[in-house]
Amino acid sequence: MGEWFEQNGALLGLALLDGIASAALIFMVAVGLNLVFGVLRVLNVAHGSFFAIGGYMAASIGLLMTAVGLPPWASFAALLLAAVVTGAILGPLIERFLLRRVYAEESVLQLLVTFALFMILEDLQKIVWGVQPVSFGGPVALMGTVDVPFAGDVIPYNAYQVILLPVVALLTLGGLAWFLRRTLAGRVIVAVTLDREAATAMGIDAGRVFLLTFTFGAVLAALGGALSAPTASLVPGVGASTIVLSFAVVATAGLGQIEGAALTALMIGIGRSVAVTFEPELEVVVPYLIMVAVLLLRPQGLFGVPETRRI
Amino acid sequence: MRGLRRAEILIALLLAAAIVLAAFSTPWLRFVLTVALAKGVAVLGILLLLRAGQVSFGHALYVALGAYAVAFLAPRVPEAALLLPLAAVVAGLVGTVVGLFVSRYREIFFGMLNLALSMVFYSVLEKLYHITRGTDGIRVPAITVLGQPLEGSSYDWAVFAMALGLALLFGLLARAYLASPVGQALAAIKTRETRLDFMGVSPRRVLLSAYVLSAVMAGCAGAVIAMATRHVTPLLAYWTASGELVFIAVLGGAGGVLGPFLGAATFELVRVYAAATVADAWGMILGAVLLLVILFARGGLWGIVAARLGRRRAA
Amino acid sequence: MSALLEARGLRLAFGGVKAADGIDLAVTAGEFLAIIGPNGAGKTTFINMATGYLRSQGGQILFDGAEITGRSPREIVRRGIARSFQLPQLFSEHTVEENAALAIAARDGIWSPFRPLLRPAWREEARDLLDRFGLLPAAALRADALNEGTRKLADIAMAVALRPRVLLMDEPTSGVAASEKMAVVETLARVLRSSGVTAVFVEHDMDVVERFADRVAVWAQGRIAALGSPAAVLADPEVQRNVIGIARPARATGGRAADA
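Residues numbered from 1 in each chain as written. Chains lettered and ligands numbered in written order. Predicted model: local features only at pLDDT ≥ 70, side-chain atom pairs only at ≥ 80, totals over all residues.

To continue, consider the overall build of chain B. Scanning chain B from N- to C-terminus turns up 13 helices and two strands. In terms of overall dimensions, chain B has a C-alpha envelope of 50 × 45 × 40 Å along the principal axes. A burial count over chain B gives 56% of its 315 residues as buried. Contacts in chain B between residues at least 24 apart in sequence constitute 81% of all its contacts with a sequence separation of at least 6. (Helix = DSSP H or I, 4+ residues; strand = E, 2+ residues; numbered from the N terminus. Buried ≥ 20, exposed ≤ 12 C-beta atoms within 10 Å, placed from the backbone. Contact = placed C-beta atoms within 7 Å.)

Assigned secondary structure in chain A consists of 12 helices and two strands. A compact globule built from 311 residues would reach a C-alpha radius of gyration of about 19 Å, and chain A, at 20 Å, matches this within 12%. Intrachain contacts of chain A at a sequence separation of at least 6 include 76% that bridge at least 24 residues. (Rg over C-alpha atoms; globule rule 2.2 N^0.38 Å.)

Before going further, it helps to examine helix α11 (residues 259-277) of chain B. Residue and element names in this part refer to chain B. With 19 residues, α11 extends 27 Å from end C-alpha to end C-alpha; this agrees with the ideal 27 Å at 1.5 Å per step. Along α11, the helix axis deviates most sharply at Arg271, where the bend reaches about 40 degrees. Within α11, burial applies to Gly259, Pro260, Phe261, Leu262, Gly263, Ala264, Ala265, Phe267 and Glu268. (Expected span 1.5 Å × (residues − 1). Bend = angle between axes of the 7 residues up to and from the residue.)

To continue, consider the pairing of strand β8 (residues 198-202) of chain C. Residues in a regular strand project their side chains so that they alternate between the two faces of the sheet. Residue and element names in this part refer to chain C. Here β8 lies mainly inside the structure; five of its five residues are buried. Bridge analysis of strand β3 (residues 32-36) against β8 gives four bridges, and the strand direction is parallel. Its bridge partner being in β8, Ile35 is matched across the sheet by Val202. Of the pairings in the sheet, the one linking strand β7 (residues 166-170) to β8 comprises five bridges and is parallel in character. Among the inter-strand pairings, Val166 is bridged to a residue of β8, identified as Thr198. (Pairing = 2+ DSSP bridges.)

This next bit is on unusual backbone geometry. Despite not being glycine, Arg230 of chain B has its phi angle at roughly 60 degrees, a positive value. The topology assignment puts Arg230 of chain B in the loop between α9 (203-229) and β2 (231-232). The backbone of Glu171 of chain C shows a phi angle near 50 degrees, a positive value even though the residue is not glycine. Mapping Glu171 of chain C onto the fold places it in the loop between β7 and α6 (178-194). Judged by the 24 C-beta atoms lying within 10 Å of it, Glu171 of chain C falls in the buried class.

Right, let's talk about the interface of chain B and chain A for a bit. Taken together, the contact between chain B and chain A spans 35 residues of the former and 32 residues of the latter. Broken down by secondary-structure element, the contributors of at least two residues to the side of chain B that touches chain A are α5 (107-127), α10 (239-252) and α12 (282-296) of chain B. With 11 residues, the single largest contributor to the side of chain B that touches chain A is α5 of chain B. Class assignment of the residues belonging to the side of chain B that touches chain A gives a composition of 23 nonpolar, eight polar and four charged. (Nonpolar A, V, L, I, M, F, W, Y, C, P; charged D, E, K, R; others polar.)

In this section: the environment of Arg187 of chain A. Residues and elements named next belong to chain A. Positionally, Arg187 belongs in helix α7 (residues 184-194). Arg187 gets classed as partly exposed once you count the C-beta atoms within 10 Å, which come to 13. For the pair Arg187 and Glu105, spaced 82 residues apart in sequence, the C-alpha separation works out to 27 Å.

Residues and elements named next belong to chain B. Under the local residue numbering, the UniProt record ascribes the feature "transmembrane region" (unreviewed entry) to residues 32-50, 57-74, 80-101, 108-125, 157-178, 206-226, 246-270 and 282-305. In residues 80-101, helix accounts for 100% and strand for 0%; the two terminal C-alpha atoms are 32 Å from one another. Between the end C-alpha atoms of residues 246-270 there is a gap of 17 Å, over a span that is 76% helix and 0% strand. (UniProt positions renumbered as here; feature names shortened; annotations may be inferred.)

What follows deals with the nonpolar core. A general tendency of soluble globular proteins is for nonpolar side chains to be buried together. Grouped together as the largest cluster of nonpolar side chains are 312 residues, with contacts concentrated most on Val224 of chain B together with Ala157 of chain C. Considering every element that reaches this core, the biggest residue donor is helix α1 (residues 2-40) of chain A, with 20 residues. Once residues lying within four places of it in the same chain are set aside, the contact partners of Val224 of chain B are Thr34, Ala38, Val159, Met162, Ala163 and Leu166 of chain B. (Core = buried A, V, L, I, M, F, W, Y, C linked by C-beta atoms within 7 Å.)

All names here are of chain C. As summarised here, the arrangement of the four strands in space is β2-β1-β4-β5, forming an open sheet in which the pairing is antiparallel. What marks the edges here is a single partner per strand, and that holds for β2 (17-28) and β5 (66-67). The pairing of strand β1 (residues 3-14) with strand β4 (residues 58-63) spans five bridges and is antiparallel. Within β4, the position partnered with Glu6 by the bridge is Leu62. Against the sheet, helix α1 (residues 43-50) makes contact with β1, β2 and β4, and its axis sits at roughly 65 degrees relative to β2, the strand it touches most. (Axes fitted to C-alpha atoms, helices over the stretch in contact; angles between N-to-C directions.)

Residue pairs three or four apart in sequence face the same way in an α-helix, which turns once every 3.6 residues. Residues and elements named next belong to chain B. Here helix α8 (residues 181-198) is 18 residues long, yet its end C-alpha atoms lie only 16 Å apart, well below the 26 Å a rise of 1.5 Å per residue gives. Considering bend angle alone, the principal kink of α8 is centred on Arg192 and spans about 120 degrees. Most of α8 is tucked away, with 14 of its 18 residues classed as buried. Of the residues trailing α8, Gly200 is marked for its positive phi of about 85 degrees.

Here we come to the UniProt feature "transmembrane region" (unreviewed entry) in chain A. Residues and elements named next belong to chain A. Annotation from UniProt places "transmembrane region" (unreviewed entry) at residues 20-43, 50-70, 76-95, 102-121, 159-180, 209-228 and 234-253. Structurally, residues 50-70 comprises 86% helix and 0% strand, and the distance from its first C-alpha atom to its last is 26 Å. In this annotation, residues 209-228 is assigned 100% helix and 0% strand; the end-to-end C-alpha distance for the span is 28 Å.

Another aspect to go through is the packing of helix α10 (residues 238-253) of chain A against α5 of chain B. Where α10 of chain A meets α5 of chain B, the closest approach of the two axes is 10 Å, and the angle between their N-to-C directions is 125 degrees. The pairing of α10 of chain A with α5 of chain B is recorded here as oblique in orientation. In the packing of α10 of chain A onto α5 of chain B, the handedness of the crossing is left-handed. Where α10 of chain A approaches α5 of chain B, its residues Val244, Phe247, Ala248 and Ala251 of chain A are matched on the opposing element by Phe109, Met112, Leu115, Ala116 and Met119 of chain B. Looking at the contact of α10 of chain A with α5 of chain B, its residues break down into nine nonpolar, no polar and no charged. (Parallel < 35°, antiparallel > 145°, perpendicular 65-115°, else oblique. Left-handed = near helix turned anticlockwise from the far one by under 90°.)

All names here are of chain B. The residue Gly183 is located in helix α8 in this model. What makes Gly183 buried here is the crowd of 25 C-beta atoms within 10 Å. Sequence-wise, Gly183 and Ala264 are 81 residues apart; in three dimensions their C-alpha atoms are separated by 23 Å. For Gly183, the contacting residues outside a window of four places in its chain are Tyr177 and Leu178.

All names here are of chain C. In the sheet, β1 pairs with β2 via nine bridges, with the strands oriented antiparallel. When the bridges of β2 are listed, Ala3 appears paired with Thr28. Linking β1 back to β2 in an antiparallel pair, the connection comprises two residues, with Gly15 at a positive phi of about 60 degrees.

Moving on: the sheet that holds strand β6 (residues 81-84) of chain C. By way of backbone hydrogen bonds, the strands of a sheet pair with one another, either parallel or antiparallel. Residue and element names in this part refer to chain C. The strand order across the open sheet formed by six strands is β6-β7-β8-β3-β9-β10, and the pairing between neighbours is mixed. Each having just a single partner strand, β6 and β10 (223-228) make up the two edges of the open sheet. Neighbour to neighbour, the strand axes of the sheet diverge by 20 degrees on average, direction disregarded. In the packing of helix α5 (residues 148-161) onto the sheet, contacts are made with β6 and β7, and the angle to β6 comes to roughly 175 degrees.

What follows covers the environment of Ala30 of chain A. Residue and element names in this part refer to chain A. Locating Ala30 in the fold gives a position in helix α1. Sequence spacing of Ala30 and Leu297 is 267 residues, and the spatial spacing of their C-alpha atoms is 22 Å. Residue contacts for Ala30: discarding those within four places in its chain leaves Ser246, Val249, Val250, Ala261 and Ala265.

What follows deals with the packing of α8 of chain B against helix α3 (residues 96-108) of chain C. Following both chains from N to C, one finds α8 of chain B and α3 of chain C inclined at 115 degrees, their axes separated by 10 Å at the closest point. Here α8 of chain B and α3 of chain C pass one another in a crossing that is left-handed. Contacts from Pro181, Gln184, Ala185 and Ala188 of chain B of α8 of chain B reach α3 of chain C at Glu98, Leu102 and Ala105 of chain C.

Structure representation (structure tokens):
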């Protein structure tokens, strides 16, 4: 063990840092997926597409800003702008004109509707942005690298991924927890999650809550995508792998868990990057192995509460 | 209802005759229809799961399993009559193991777990280059059919006949299964699963039986596709392929076993003409049509046919 | 006479609410035992524990001398304890006849994948069963098209189709129109007596209890406050004040699936 560590310590450190960075992004998508499911009771298969479109949008806006000669730091604004534009346009459109029609339907139909949406959005990306990889490295270069001490070694790593991404994810986590537990609007959302009929009976406008929650979830996913744009080139298929990965996080953590989703994202993110480093062929399999193992032992997820079927 | 069931058989025979005629008159249609029939068989499996209120976004996994089983085994067992059952067994075994796991879950979990597993399989096919040749895929060597080393159009006819035979066989099988107590209990899972438990029936085992059957059907479909195209690639397992199966199931309608075949034939024929002109927007069109069918014509094509038959009977 | 179904020291609490606080109850073969008491006293919880839906936190349940505590609903029903529900649990997309046939199939074995559910033998038995419940006119209707009273009877018919030795019924007359209530119970009692089924039923209508129960158990705060013949129990001033006075108006409010 000691010898292995001496040879591979730096690699392991690198893998951990990669894992933390990717966990931050997965968390942004998973927490939105979870929140939307909790409130609307619809699992949005197209949620990963918001991530992809947010990423493409960020690259486009960022490149445009550079082209018109805006200062480099403006590319950070591009990321945020892309997320808000993507989420605030697609979110209300989809909730109002599509999901609203099927809330009363059986869940298999809701799944099919969001799946159809997923097919549409995946192609839309290809039509708008093409199939060639799109990349936008500005912000990463801008922030430079930091030296991360690890096990007696020093690992230089880009500050964007090791500082900015985790900070944004933690702010999201903290902000969301504060919002849901301490503010009136947040408590209204939680009330709708727990008992929709009772909440509606108390005069809460469920339609508005649905609309805002769905849009907020879309913005979070798009923000995740926008933040990912500077770290990896965008290719078709990102939406598909993102939805499956974030579903794996939600299922492993347990439905409705926010802090649990963060820990699980970390676990799965690190698991994956360790696999990439040491056993690259296992990369894609690791998150699902973790999920399957957890579900076999705890069907309600690591942090979930078991739910008995009502009779 | 009874009249409709009898009409169903009549329509099935007419449809089969029309397909054979079309394949005779236009040789290039033969290939399209072979694939359509094979996909119809796979979609029949999706239909079984839909009856239980469940949808799998990952059934292309079993199509790909059947296809790769043929590709891997063909050099050693170059005989279609052996390869087909072997592919069915492979898909059935994997379906049993996976089914034991996923049959514990419903709705979103069921759908997404299937999707996740198919994505894993896709990337395994893609990444294990030294075994699967990655995205290049594997060529299926020449095989005999019932001991006959066929070539050219006679081989294509043989595969076509195999697809048609499978479609008829599994169509009848699915029909009998759905009318049987197990099949009826399957539909009961959708409406009141807990009552089954209180009647001493395990809903999980009922769903598992449908799942394994659907895996076998998809495996056979994959085997036929591999024999028809003579080339298998990981794309067979990609989520878009699973999405297609779900699409065809909804388009054709889940109300009867003819739905999948009506849907598959329509789908493949439209694709031949449309895909060339709108290749980039193909998925988008599928998605849009899927939405339209769900929102405005929920019974799908079979639903429309059945409603017409019903009206004529009533008149 | 020995007990067919017996609870010994059965305990279960939800948070601080004690639904069963050391219940001792022996149901004799062939009798009709009514359980009465205010909402939330733990009556439905008892049925849920006896049928394996809820796990008790202490004590034992014995059926025909063998312990069944903690067994699954499926195992318990196969041993001969069936139940019906306060809110009817029908397969809403199936016809009434198919619902009954499914119950018969569940009893005789569903694993005959190539023979139809509505095979002659099962169809005949299903129609015979529905006839005994007066449900034959509704046989071809889909279960979600029925009125509440008919749904209720169909729900009980499905439990009877399992040929249980003990039938636990959760408020068999709730939702049945007042004018039909006595006729419905009359039918029910005749079917059950003729097939020798032991019945335990939760009931809020004291007229029904008085007329059909052999014995009455009064449930209050997770304990059995009184047990005896209907005449004796219902005449008890304590019971009249604490249970009947509360229970009668409670009926009007209806209630949720889980009584506890």
